[in-house]
Amino acid sequence: MRPENYQPVEHPASQEYELYFGPNHPGIEGNYALKVRLTGDEIVGIRADGGYLHRGFEKIMEDRLWIQNVALVPRICVPDPPPMEETYARAVEMIGGLEVPERAKWIRAMILEMSRICGHLFILGGTAAPIGQYSNMFWGVADRDYFLDLFEALTGARVYHMFITPGGVRRDIPDGFLDKLSHILDYLEARLPEYDDLFFNNPVFHKRAEGIGIITQEQALAWGVTGPNLRACGLALDVRRDDPYLIYDKLEFDIPTETSGDVLARTMVRRSEIIESIKILRQIIQHLPQIKGPIRCNLPNPLAWNLPEGDAYARTEAQKGELAFYAVSTGGAKPWRVHVRGPSSMHAVQVLEKLCLGGRIEDIALIMFSLDACPPEVDR
Amino acid sequence: MEALYYLLLTLVKILIIVIPLMLCVAYLTYAERKIIGFMQVRLGPNRVNLSIIPIIGRIRGFGQPIADAVKLMFKEIMIPSNADRFLFVIAPVLAMAPALAAWAVIPFADGLVLSDINAGLLYILAMSSIGVYGVIVAGWASNSKYALLGSLRSAAQIISYEIAMGFALVGVLMAAGSLNLGEIVSAQQGNFLHWFWLPLLPLFLVYLISGVAETNRAPFDVAEGESEIVGFHVEYSGMLFAVFFLAEYANMILISALTTLMFMGGWLSPFEGIPVLEPLFAWVPGIFWFLAKVSSVLFFFLWIRATFPRYRYDQIMRLGWKVFIPITLVWILVLGVLILMKLPPWFA
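Residues numbered from 1 in each chain as written. Chains lettered and ligands numbered in written order. Predicted model: local features only at pLDDT ≥ 70, side-chain atom pairs only at ≥ 80, totals over all residues. Heavy atoms only, no water.

## As for helix H8 (residues 238-263) of chain B
All names here are of chain B. Compared with the 38 Å implied by 1.5 Å per residue over 26 residues, the 38 Å span of H8 between its first and last C-alpha is a close match. Burial analysis of H8 places 21 of its 26 residues in the buried class, which makes it a mostly covered element. Just downstream of H8, Gly265 is the residue with a positive phi angle, here 70°. (Helix = DSSP H or I, 4+ residues; strand = E, 2+ residues; numbered from the N terminus. Expected span 1.5 Å × (residues − 1). Buried < 20%, exposed > 50% of the residue type's maximum accessible area, 1.4 Å probe, protein only.)

## Comments concerning the environment of Gly132 of chain A
By the element assignment, Gly132 of chain A lies in the loop between helix H3 (102-128) and helix H4 (134-155). Overall, Gly132 of chain A belongs to the buried group, its relative accessible area being 11%. Each C-alpha atom, one on Gly132 of chain A and one on Arg337 of chain A, is 43 Å from the other, the two residues being 205 residues apart in sequence. Among all residues touching Gly132 of chain A, those that are not within four sequence positions of it are Arg305, Phe308, Pro309 and Arg310 of chain B. (Contact = heavy atoms within 4.5 Å.)

## With respect to the packing of aromatic side chains
One pair of aromatic rings is described through two measures. These are the centre distance and the angle between the planes. Summed over all chains, the structure comprises 28 aromatic pairs over all chains. Seen from their ring centres, Tyr161 of chain B and Phe324 of chain B are 6.0 Å apart, and the 85° between their planes marks the pair as edge-to-face. Placement of the pair is Tyr161 of chain B in helix H5 (residues 145-176) and Phe324 of chain B in helix H11 (residues 313-340), with a sequence separation of 163 residues. Across the pair, Phe324 of chain B and Tyr161 of chain B agree in class, each one buried. Taken together, the ring pairs in this structure connect Phe88, Phe232, Tyr236 and Phe244 of chain B into an aromatic cluster. It is Arg191 of chain A that lies over the ring of Trp139 of chain A; its NZ or CZ is 4.4 Å from the centre. Against the face of Phe253 of chain A rests Arg241 of chain A, its NZ or CZ located 5.0 Å from the ring centre. (Phe/Tyr/Trp six-rings, centres within 6.5 Å; stacked < 30°, edge-to-face > 60°. Lys NZ or Arg CZ within 6 Å of the ring centre and 35° of its normal.)

## Some points on H11 of chain B
Residues and elements named next belong to chain B. Counted at 1.5 Å a residue, the expected span for H11 with its 28 residues is 40 Å, and the 40 Å between its end C-alpha atoms agrees. For H11, the principal kink sits at Leu319 and spans about 30°. Phi turns positive one or two residues past the end of H11, at Lys342, with a value near 55°. (Bend = angle between axes of the 7 residues up to and from the residue.)

## A short note on the environment of Pro81 of chain A
Residue and element names in this part refer to chain A. Along the chain, Pro81 turns up in the loop between helix H1 (57-62) and helix H2 (82-96). With a relative accessible area of 3%, Pro81 lands in the buried category. With 79 residues separating them along the chain, Pro81 and Tyr160 place their C-alpha atoms 6.4 Å apart. Residue contacts for Pro81: discarding those within four places in its chain leaves Pro74, Ser115, Val159 and Tyr160.

## Section: the domain arrangement of chain A
Buried accessible area, meaning the area lost when the parts come together, often serves as the stated size of an interface. Residue and element names in this part refer to chain A. For chain A, the assigned domains are domain 1 (16-47) and domain 2 (56-379). Taken residue by residue, the interface counts 18 residues in domain 1 and 23 residues in domain 2. Here domain 1 meets domain 2 over a buried area of about 1,600 Å², counting both sides, of which 68% is carbon and sulfur. There are zero salt bridges connecting domain 1 and domain 2. Where domain 1 packs against domain 2, one counts two residue pairs in polar contact (both at pLDDT 80 or more). Elements with a contribution of two residues or more to the side of domain 1 that touches domain 2: strand E1 (16-21), strand E2 (33-39) and strand E3 (42-49). For the side of domain 1 that touches domain 2, the per-class residue count stands at 10 nonpolar, four polar and four charged. (Domains from an automatic or database assignment. Buried area = accessible area lost by both parts, 1.4 Å probe. Salt bridge = Lys/Arg side-chain N within 4 Å of Asp/Glu carboxyl O. Polar contact = N/O pair within 3.5 Å; in protein donor to acceptor, adjacent residues only side chain to side chain. Nonpolar A, V, L, I, M, F, W, Y, C, P; charged D, E, K, R; others polar.)

## Points about the pattern of salt bridges
Residues and elements named next belong to chain A. All told, the structure shown has 40 salt bridges over all chains when counted by the stated rule. Close ionic contact of Glu86 with Arg90 constitutes a salt bridge, the shortest N to O distance being 2.6 Å. Of this pair, Glu86 and Arg90 both sit in helix H2, four residues apart, roughly one helical turn. Each member of the pair, Glu86 as well as Arg90, carries the same accessibility label: buried.

## A few points about the sheet that holds strand E7 (residues 321-330) of chain A
Residue and element names in this part refer to chain A. Across the sheet, three strands lie side by side as E6-E7-E8; this open sheet has antiparallel pairing. Every other strand in the sheet has two partners, leaving strand E6 (309-318) and strand E8 (337-341) as the edge strands with one partner each. Taking the axes of each pair of neighbouring strands and ignoring which way they run, one obtains an average angle of 10° across the sheet. Bridge count for E7 against E8 is five bridges, and the pairing is antiparallel. Among the inter-strand pairings, Val328 is bridged to a residue of E8, identified as Arg337. In the packing of H2 onto the sheet, contacts are made with E6 and E7, and the angle to E6 comes to roughly 150°. (Pairing = 2+ DSSP bridges. Axes fitted to C-alpha atoms, helices over the stretch in contact; angles between N-to-C directions.)

## Some thoughts on the interface of chain A and chain B
Counting from both sides, the interface comprises 35 residues of chain A and, opposite them, 28 residues of chain B. Across the chain A to chain B interface the summed buried area is about 2,900 Å²; carbon plus sulfur atoms make up 53%. Summed over the shared surface of chain A and chain B, the result is three salt bridges. Arg153 of chain B is the salt-bridge partner of Glu362 of chain A, the closest N and O atoms lying 3.2 Å from each other. Listing elements by their share of the side of chain A that touches chain B, those giving two or more residues are E1, H4, helix H5 (177-200), helix H6 (203-209) and helix H12 (363-371) of chain A. Along the lines of polarity and charge, the residues of the side of chain A that touches chain B split into 20 nonpolar, six polar and nine charged.

Have a look at this one:
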């Protein structure tokens, strides 16, 4: 029964209609909305509509002491927090002129690479989930859990470690930690062929992912695409190699690239990066015991710690792409301004809109996950 | 008096089929969650147990289907204000009824069938075609864009795959020379190499895959692809939703039973005519073989759900029209030649 005053909504004589994708949608990672205009299944217009996870990090940071912000920055991006801590810490060290001890650098690199593997496992599962293959997602999350156990042993926390502080790291590695890590790396390496069988070589996945969401090299450079998404277009650009920080100039690793720039290429780049990270971690396991020394430089009383006037721009190759912090100090106990250049805000807003246009509605979620767009970091 | 007696007897027979069937449906959901959980390195339901049932009830999670049913029964049924109330309520019934009605002609063992009609295969085709109305009506009556889109996709998919399925059944009909399901099984007399899956291998595969598509199961579950448009039953809740859910699983069991009957020798023992094994397994009743085969087909359904990503909608349609229908047409031709040549052992 229709109500008495029911008035059917008149639409102009058009085949187009509008659908809302999100903010609470199973195909979206985090709370993020997309307004999609469609004719049939084809996307003729799309607008990203973020802001559902806006927590105002950059503003909050201006109101806290330099050392307090250490606890704040990892929360910017949930699946991959250590690069945030590292980049912030490095910006502070650059302003304050702090020298990080050698051993701390190695430990930092170790936790960054562990986090990269974690994030890749998480997002590779994520790429499988929007096309209905939950097995890969659960496998990824289950294997990520071993690394979370390692994080717990090392830092006491599973997700937000707050481990990398300006001037060094919070604690030294516990006894037997490197053996455990080595064991988990062996396990993961043995497990990758199983992932190949289930997901990477799955013919249906190839059918879905080939030729979808293509970014060309020119577009990638023009749009500010970074990280695995850029390397999937065939450009071997990596901050770890181009602008080495910590100890990355002492390590041997390859920068995996693919040429096609589509969803499949991005997925395969992430798979290869897991292998590279395992390689890096093996080198760290080999070298770390020989490097003795403190894990932290001498810091003044953190509650009365005034940084000198100045600014610094620190950048890191995070799991999702190039992450940078621009911090400005006016000589006080608090930052005057901290700006975060997150990789996802480029990928999730402009790039996602452009890639989805002209595609089909089923591919939106797949493209979004393949770009590894992280809504918490987009909104910040 | 005679008529009343007949009516009562038939009613009892129907109950004897439907009640175990509904139990199977309920525990298929449990099996699915457990099996897929095992494949996905997690536990699946492991909290509710039924300690009143002696040994089996102590399995962790064994009471989960019952707990789910109770939960859904107590949930409020929400009807959107601009929905067509009558069609909205009738749609789940339209989806469920054909899935149950088709069981009337399924023989569980030799002669163990509710109604032994000669046009059994036609009746099955008719019944499984009606099921799509439930989907269309649900999408239409919900008055929601997402539901309508989901139902249109689902309807187009079911109808496309029904053609391939129908052609596959034409092959079975040609090979068996009968529309009666019991006679189709009898035509496959012999060990497992005599069953129709071997001479009709392409049709068997097409039928199996079309069956997955027909029931809207992964990897053909675009109708309810939760990461795309959520599906034709977005607006449903409570018991009305549960009926859709039950219909899906009842359809799965039905398709498995039909595959068993038409391609895997129904209640026949796989070891018939094999020297040592036949006497060894002679005591096993036919219904056991039937149920075992149905279970293995169901396991296959669950297995591919855990293994394959979803096809895109246009890929599904292309697969149906450009691959499956030509395959079945060609194989029907080949089959005609095989039958004319009286190829042993199947058509001698």
